[in-house]
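# Fold and contact review
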Amino acid sequence: MIYREVARRFSPDFIVCEASEEDLRKIGDWLYPNEPEEMLDEDPNATIFVARRGEEVIGLASLVRYSQDSHLYVGYWIFGLMVKRRYRGMGLGEALHRARIDRARRERASEILGEVREDNYRAIRLLRKLGFEMKEIPELEEILEKKRARFGARMLIMSKSLT
Ligand SMILES: CC(C)(COP(=O)(O)OP(=O)(O)OC[C@H]1O[C@@H](n2cnc3c(N)ncnc32)[C@H](O)[C@@H]1OP(=O)(O)O)[C@@H](O)C(=O)NCCC(=O)NCCS
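### Quick notes on the environment of K26
- When you line up the elements, K26 lands in helix α2 (residues 21–31).
- If we skip the residues at most four places from it in the chain, K26 touches E55 and V57.
- Only 2.6 Å separates the side chain of K26 from the backbone oxygen of E55, close enough to count as a polar contact.

Here it is as structure tokens:
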């Protein structure tokens, strides 16, 4: 906690905005270093936000809208929050989250949901700081159990009311 306060005092200038095509290319290089030219898939239901320091992409986060009939994950969901290791603890994760929450609110979403590994205490703490609470969605149980078998950890659902 104290180290994060200190880190924030010396944090670099960064902006959070929607990813441009160039940003998506840079994210591809970051996430798939062995696959040149790999870009992040462009999903028409998703908005990708990035934290940029100058020309460098130092964090990303996505907001996905699922319609009732397309998916078991219905509504506004947050996925893929990641901050480059050397920039962690400086407030970027929180800023990226807030950008997604603001966007969902502007689009009049009543709720925003996220999935988090049960052992990811940093992410859980961040979600709680922003007002997210644990939520059970029985329809997702089967998928969550399959993910537990695949990832070796239970995924928890957390949600925040926007009304
Ligand atoms: C989780 C993650 C995105 C946090 O980003 P970050 O920029 O380091 O976080 P911030 O500096 O914005 O911290 C905001 C809050 O997150 C929580 N947090 C962040 N780092 C933490 C740590 N090391 N220990 C405990 N809580 C932590 C705290 O609540 C913190 O608020 P506080 O400083 O007032 O206590 C980052 O650690 C990361 O990229 N991890 C790997 C990918 C990942 O786990 N993504 C989440 C998937 S759901």
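### Let's talk about the site of the ligand
- Taken together, 23 residues lie near the ligand, and R4, G89, G91, N120 and K129 sit nearest.
- G93 is positioned with one of its backbone polar atoms (N or O) 2.8 Å from an oxygen atom of the ligand.
- One of the backbone nitrogen or oxygen atoms of E94 is found 2.9 Å away from an oxygen atom of the ligand.
- Look at the ligand: alone it shows 930 Å² of surface, and the protein chains cover 86% of it.
- Counting residues per element, the ones that place at least two in the shell around the ligand are α1 (2–9), β4 (75–83), α3 (92–106), β5 (111–117) and α4 (121–129).
- If one sorts the elements of the shell around the ligand by residue count, α4 sits on top with six residues.
- A per-class count over the shell around the ligand returns eleven nonpolar, four polar and eight charged.

### With respect to the pattern of salt bridges
- Throughout the structure, instances matching the rule amount to 17 salt bridges.
- Note that K26 is salt-bridged to E55, the shortest N-O span being 3.9 Å. In this pair, K26 is assigned in helix α2 and E55 in the loop between β2 (46–53) and β3 (56–66), connecting sequence segments 29 residues apart.
- Through salt bridges with shared partners, one network takes in E141, E145, R148 and R154.

Rules of the game
Residues numbered from 1 in each chain as written. Predicted model: local features only at pLDDT ≥ 70, side-chain atom pairs only at ≥ 80, totals over all residues. Heavy atoms only, no water. Helix = DSSP H or I, 4+ residues; strand = E, 2+ residues; numbered from the N terminus. Contact = heavy atoms within 4.5 Å. Polar contact = N/O pair within 3.5 Å; in protein donor to acceptor, adjacent residues only side chain to side chain. Near = heavy atom within 4 Å. Areas by Shrake-Rupley, 256 points an atom, 1.4 Å probe, with all protein chains shown as cover. Nonpolar A, V, L, I, M, F, W, Y, C, P; charged D, E, K, R; others polar. Salt bridge = Lys/Arg side-chain N within 4 Å of Asp/Glu carboxyl O.

Spatial relationships are all this shows, so hold off on functional conclusions.
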